[in-house]
Amino acid sequence: MSTSATSQEARFIADALAAEADAVQRLATRVAAGGAEATAFMKALDLLERCEGSLVVSGMGKSGLVGAKISATFASLGQPSIFVHPTEAVHGDLGRIRRGDMALLMSYSGETEEVLALASLLKADGVHRVAICKSERSSLGQACDACLPLGDIEEACPLNLAPTASTTAMLAVGDALALAL
């Protein structure tokens, strides 16, 4: 491998890391400034503190994979938590969720059909819901009791397609909530 190829690859890696760090830093700056983002986090934290049951985390695709890790972090820190796949929930696993539980629903776009269907079912069952998504104006943001908006995020992927910076931001939000709790 030539030095120039190594240098180009190193630059690409550095740029990808910077894009992901930037997504988290911009969110941290907005929360630290007070305003709507800080209020949303406090509302979500209040719901978590009042949760009498388990935290149920759900998301599709990469968001779901990140959600499974977030669920494990909450459990490690003493908050009972399970991951429920949204498609499996509507095919029988909804029975795992009880009144007194709380749901953390994840979808960057806030428009993922399976997650929206789960949000609707949980609302009908009286389960509190917190969204982690792009905007509180999304369908998921509107369907939940609290929404933690990530804002517009440019993915580290050169085509802006592969979930990279958005999933890193979701993971950071989940970790921040778990640690704050």
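Residue positions within a chain follow its written sequence, with the count starting from 1. For a predicted model such as this one, the threshold for reporting local features is a pLDDT of at least 70, and the threshold for listing and counting side-chain atom pairs is 80 or more; totals across whole chains, interfaces and linings nevertheless cover every residue. Calculation of side-chain values draws on the structure's entire complement of heavy atoms; hydrogens and water are dropped beforehand.

Account for the overall build of the protein chain, naming residues and giving values.
Under the DSSP-based scheme used, a helix requires at least four consecutive residues in state H or I and a strand at least two consecutive residues in state E, with every element numbered from the N terminus. Broken down by element type, the protein chain carries seven helices and five strands. Counting helices and strands in the order they occur from the N terminus, the protein chain gives α-α-β-α-β-α-β-α-β-α-β-α. Referenced to the eigenvectors of the C-alpha coordinate spread, the extents of the protein chain come out at roughly 60 × 40 × 30 Å. Between buried and exposed lies partly exposed: a residue is buried under 20% and exposed over 50% of the maximum accessible area for its type, with that area taken using a 1.4 Å probe on protein chains only. Looking at the protein chain residue by residue over its 181 residues, the buried ones come to 41%. Two residues qualify as a contact provided that any one of their heavy atoms is within 4.5 Å of a heavy atom in the partner residue. For the protein chain, long-range pairs separated by at least 24 residues make up 69% of all intrachain contacts whose partners lie at least 6 apart in sequence. Values of accessible area rely on a 1.4 Å probe in the Shrake-Rupley scheme; residue burial ignores everything except the protein chains shown. Total accessible area on the protein chain is roughly 9200 Å²; 56% of this is exposed by carbon and sulfur atoms.

Kindly report on the environment of Ala 44, identifying the contributing residues and their values.
If you trace the backbone, Ala 44 turns up in helix 2 (residues 35-50). On the basis of relative accessibility, which here comes to 0%, the residue Ala 44 falls in the buried class.

Can you tell me about helix 5 (residues 113-124), naming the residues and giving the values?
Taking 1.5 Å of rise per residue, twelve residues should cover 16 Å, and helix 5 covers 17 Å from first to last C-alpha, within 8% of that figure. Burial in helix 5 covers these residues: Val 115, Leu 118, Ala 119 and Leu 122. Summarising the axial view, the buried residues of helix 5 lie within an arc of 105°, below the 170-degree limit, and thus occupy one face. In helix 5, the exposed positions that point more than 90 degrees away from the buried face belong to Glu 113 and Ala 124. Positioned one or two residues after helix 5, Gly 126 has a phi angle of 80°, which is positive. Working rule for helices: expected span equals 1.5 Å times residues minus one. By arc we mean the arc of the directions from the helix axis to the C-beta atoms, nothing more.

How would you summarise the side chain of Ser 107 if you had to cite specific residues and measurements?
When you line up the elements, Ser 107 lands in the loop between strand 3 (102-106) and helix 5. With relative accessibility at 3%, the residue Ser 107 sits in the buried group. A polar contact of 3.0 Å, which involves the side chain of Ser 107, links it to the backbone nitrogen of Gly 110. Not counting residues up to four positions away in its chain, the partners in contact with Ser 107 are Ser 63, Thr 112, Ile 132, Cys 133, Lys 134, Leu 140 and Met 170. For the purposes of these results, a polar contact is taken to be a pair of N or O atoms within 3.5 Å, where, inside protein, one atom must be able to donate a hydrogen and its partner to accept one; residues adjacent in sequence count only when each atom of the pair is a side-chain atom.

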